[in-house]
Amino acid sequence: MRLTNLIFFLLGQLLLVIIATFLLGTLLGGFYHSALIIISAYLILMLIYVFSLKESLQHGFKIKWLGTRGFLSEVNSSIEALSKSRWRYRKRFAQLIKEVNALASAIPDAGIIIDEFNNIEWCNRSSLTLLGVDQDRDIGQKVGNIIRFPAFNHYLKNHKMDNFIDIEDSNNKRFLRFRIVEYHDHSSRTKKFISVRDVTAQSKLNQIRKDFIANASHELKTPLTTIKGYSEIINEDSKEQELANFANQITLQADRMNKIIEDLLSLSKIENSDMELNDDLIDVGSIINQVLESYESLNKKINFKLSIECDKKLISDESLFYSIVENLISNAHRYTDEGGDVLISWSADAEYATFTVQDTGIGIPQESIERITERFYRVDKGRNAKTGGTGLGLSIVKHALDRMGAELIIESELQVGSSFSCRFPNKRLAKD
Amino acid sequence: MKEFNKHTSRKFNEELESVRNSVLKMGGLVEEMLTQALHGFFQGDSQACTNVIAMDDHVNDLELEIDDECRRILATRAPAAIDLRLIMAIIKTITDIERMGDEAEKIARLSINLLESSEINKADHLEIQAMGELVQTMTKKSLDAFARFDSELALSTFRSDEMVDSQYKTLSRSSITHMMEDPRSITKRLNIMWIARALERIGDHSKNICEYVIYTEKGLDIRHAEDLEG
């Protein structure tokens, strides 16, 4: 209430009291007594107003109070406006909560929130169908009491950011993918959100794909061996030169196909996340020399230059690392013209240990660099027949580095050369 | 389970809770063992069977651990009424769970035998499969009932043991017929019979767990009771 309003209000009330006292005084003849009576009556009236307001407020403003009309109506309208806006706010809030709940139950994934002692605080409706966690009965229960897969309880203890586990629920013939994220609530207590998705279809498909590659590669190898054997016999025994040439071509192509199948098999093996990686101590220099030895006897001469600046050993899987080195060097050899230079280096700085193969070959066009690690991707569709190679080498390098936690950096310029760098995080170097 | 949170001593609550959690952890292990053992049998996966045999040691360790903890609670807290019933139920439950583990291990060993010696065909699988699924569900439900102290679920699971028993009877009858028809198959048949027997025993142990749940929650002993209506 503004000051002028207050003054007018007070003056009006005072005037009313004075006039009433004056009238009663003239009627009774005693001004003092009548003033006392009027003021007491006024006070009692005010108390009644206050009491009725209190009653009304206690009942959520549902009962009308005495001030709805008359000189306190302004107070009344202010209270009404306030309660109305609060009510609207509350209604909006309730609607929002309702919507969030409806959304949570509509999601096909199960969601569970647990507190720092792993007690269930909240869960949605899908968690009943997927996991048997009932939102009506299981609040407060330890999550491990209801979801009893030993693998889940292990994951609950050892989960990390960005990882998940797939568990087979054989009772319901399902594959479930569990993912746990940690967060802090308003009073900064650590809570966990467990999301569970039914990935049965996905994991079946994946399994079929893996099995197919492994089986198909294996099945292809057997007939290939026969083809190769007979073509070699024809090549050696044939008296006709032309026939011998044909047979020779068959042998060469069968060898090439054999290499493709072997690469496919090793790629599917690397991709298989069940394969455990060793933590070998790798002497990078000696691996490079081992690989280079096999190139000495070849007709095409390339000047290999070695630069080993780092003498620390790398901790990683030796057979995977060997295939990385072999693939990169054989690529450099293949795409560099005779007499060209290839620089192979192994160095370390504050952050990374880097293995690089830099050639002075034909280079890769800019737009192909991104796709060059895809399976069977070729820069020039017609080129593969001439240069050989399986089209899988860089895929193997890429996937092997992924598994080892390292990255592949490719830089290239057409007709100048390409450089392939494998960057390992520094912590993978052995401290001697 | 609400009743167990009402003690004046918070430590006591925690002790009861933690021993209950261990029982369910043990139950989870045995569920996994049963799953793996059946998987090993159906898929001819001897690696899974070997895993099961290794897992039984964990279950045995847990039994000893929980036993110790219960003895300590009995000695130091002198529980009464529902707490006493809970501790008694836990002591009995872990014995049953441990036996279930032993039976699952038996299934794994028998499966390895079968894999090594004879050819199992699809028909043999089908007979065990229905029973295996039923027993798996029973085990899961009985442990769920234990987790929630849900006597209704316990009672319905308790009753489903009849199904397992009748399937076992059918299976043994058909096995006898097979054996009489073709005496060469007796070794294989006996192995399959023993697997079915182990499953039937697991069903019985699940049934026992359900009895303990009802006993704890209602204070009602339904062991050896004929009339369970009402």
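Residues numbered from 1 in each chain as written. Chains lettered and ligands numbered in written order. Predicted model: local features only at pLDDT ≥ 70, side-chain atom pairs only at ≥ 80, totals over all residues. Heavy atoms only, no water.

## So, a nonpolar patch on the surface
All names here are of chain A.
- Side chains of L3, L6, I7, L10 and L11 sit close together on the surface and give an oily, nonpolar patch of about 480 Å² of accessible area.
- Residue position: L3 is located in helix α1 (residues 3-28).
- A residue is classified by how much of its surface remains accessible, and L3, at 62% relative accessible area, is exposed. (Patch = residues over 30% accessible without salt bridge, like charges linked within 9 Å, V, L, I, M, F, W, Y side chains within 5 Å. Areas by Shrake-Rupley, 256 points an atom, 1.4 Å probe, with all protein chains shown as cover. Salt bridge = Lys/Arg side-chain N within 4 Å of Asp/Glu carboxyl O. Helix = DSSP H or I, 4+ residues; strand = E, 2+ residues; numbered from the N terminus. Buried < 20%, exposed > 50% of the residue type's maximum accessible area, 1.4 Å probe, protein only.)

## Things to note about the packing of aromatic side chains
- Summed over all chains, the structure comprises seven aromatic pairs over all chains.
- Arranged with centres 5.4 Å apart and planes meeting at 45 degrees, the rings of B:F146 and B:F149 form a pair that is tilted.
- Note on B:F149: relative accessible area 4%, which makes it buried.
- An aromatic cluster is defined as three or more aromatic residues linked by ring pairs; in this entry it consists of A:F149, A:F152 and A:F178.
- Here the basic side chain of A:R423 rests over the ring of A:Y352, its NZ or CZ set 4.0 Å away from the ring centre. (Phe/Tyr/Trp six-rings, centres within 6.5 Å; stacked < 30°, edge-to-face > 60°. Lys NZ or Arg CZ within 6 Å of the ring centre and 35° of its normal.)

## Description of the side chain of A:S34
Residue and element names in this part refer to chain A.
- As for its position among the elements, S34 is in helix α2 (residues 31-58).
- For S34, a relative accessible area of 1% translates into the label buried.
- With sequence-adjacent residues up to four places away left out, S34 is seen in contact with T21, L24 and G25. (Contact = heavy atoms within 4.5 Å.)

## Describing the pairing of strand β4 (residues 174-184) of chain A
Residue and element names in this part refer to chain A.
- Bridge count for strand β3 (residues 164-169) against β4 is six bridges, and the pairing is antiparallel. Bridge pairing links D166 to R177 in β4.
- Between β3 and the antiparallel strand that follows it, β4, lie four residues; K173 among them carries a positive phi value of about 55 degrees.
- Where β4 folds back on strand β5 (residues 190-198), the antiparallel hairpin that results is connected by five residues, among which S188 adopts a positive phi of roughly 50 degrees. (Pairing = 2+ DSSP bridges.)

## Some thoughts on the packing of helix α4 (residues 122-148) of chain B against helix α6 (residues 186-218) of chain B
Residue and element names in this part refer to chain B.
- Running from amino to carboxyl end, α4 crosses α6 at an angle of 20 degrees, the nearest separation of the two axes being 9 Å. Classified by the angle their axes make, α4 and α6 are roughly parallel. Handedness of the crossing formed by α4 with α6: left-handed.
- Its residues assigned to classes, the contact of α4 with α6 shows 14 nonpolar, five polar and six charged. (Axes fitted to C-alpha atoms, helices over the stretch in contact; angles between N-to-C directions. Parallel < 35°, antiparallel > 145°, perpendicular 65-115°, else oblique. Left-handed = near helix turned anticlockwise from the far one by under 90°. Nonpolar A, V, L, I, M, F, W, Y, C, P; charged D, E, K, R; others polar.)

## As for helix α13 (residues 393-404) of chain A
Residues and elements named next belong to chain A.
- The end-to-end C-alpha distance of α13 is 17 Å, a good match for the 16 Å that twelve residues give at a rise of 1.5 Å each.
- Considered for burial, the residues of α13 that qualify are G393, L394, S395, I396, V397, A400, L401 and M404.
- If you follow the buried residues of α13, they end up packed against α8 (241-271), β8 (314-316), α10 (318-335), β11 (407-413) and β12 (417-425).
- Once α13 finishes, G405 follows within two positions and takes phi at roughly 75 degrees, a positive value. (Expected span 1.5 Å × (residues − 1).)

## A short note on the sheet that holds β4(A)
Residue and element names in this part refer to chain A.
- Taken in spatial order, the five strands make up an open sheet running β2-β1-β5-β4-β3, and their pairing is antiparallel. Single-partner strands in this sheet number two, and they are β2 (120-123) and β3. Neighbour-to-neighbour, the strand axes of this sheet turn through a mean angle of 25 degrees, independent of strand direction.

## Some details on the environment of A:H186
Residues and elements named next belong to chain A.
- In this fold, H186 is placed in the loop between β4 and β5.
- The exposure class assigned to H186 is exposed, which follows from its relative accessible area of 82%.
- Sequence separation between H186 and G144 is 42 residues; the distance between their C-alpha atoms is 25 Å.

## Remarks on the nonpolar core
- Within the largest apolar cluster, 84 residues are counted, with the highest numbers of intra-cluster contacts made by A:I112, A:L131, A:I147, A:F152, A:F178, A:I194 and B:I128.
- Of the residues forming this core, the biggest block, 14 residues, is contributed by helix α1 (residues 10-43) of chain B. (Core = buried A, V, L, I, M, F, W, Y, C linked by side-chain atoms within 4.5 Å.)

## Some details on the interface of chain A and chain B
- Across the boundary between the two partners, chain A contributes 15 residues, which contact 19 residues of chain B.
- It is A:N145, A:R148 and A:N171 that lose the most area in chain A upon contact with chain B, and together they represent 39% of the buried surface on that side.
- For the interface between chain A and chain B, the tally reads five salt bridges.
- For the salt bridge of A:R148 with B:D144, the shortest nitrogen-to-oxygen distance reads 3.1 Å. (Buried area = accessible area lost by both parts, 1.4 Å probe.)

## Structural notes on the sheet that holds strand β9 (residues 341-348) of chain A
Residue and element names in this part refer to chain A.
- Pairing in this open sheet of five strands is mixed, and the strands run β7-β9-β10-β12-β11 from one edge to the other. Each edge of the sheet is formed by a strand with only one pairing partner; in this case those strands are β7 (303-308) and β11. Ignoring which end each strand starts from, the neighbouring axes of this sheet average 10 degrees apart.
- In the sheet, β7 pairs with β9 via six bridges, with the strands oriented parallel. What sits directly across from I308, in β9, is W346.
- Strands in contact with α10 are β7, β9, β10 (352-359) and β12; relative to β10, the strand with the most contacts, it is inclined by about 25 degrees.
- Lying over the sheet, α13 contacts β11 and β12, oriented at roughly 20 degrees with respect to β12.

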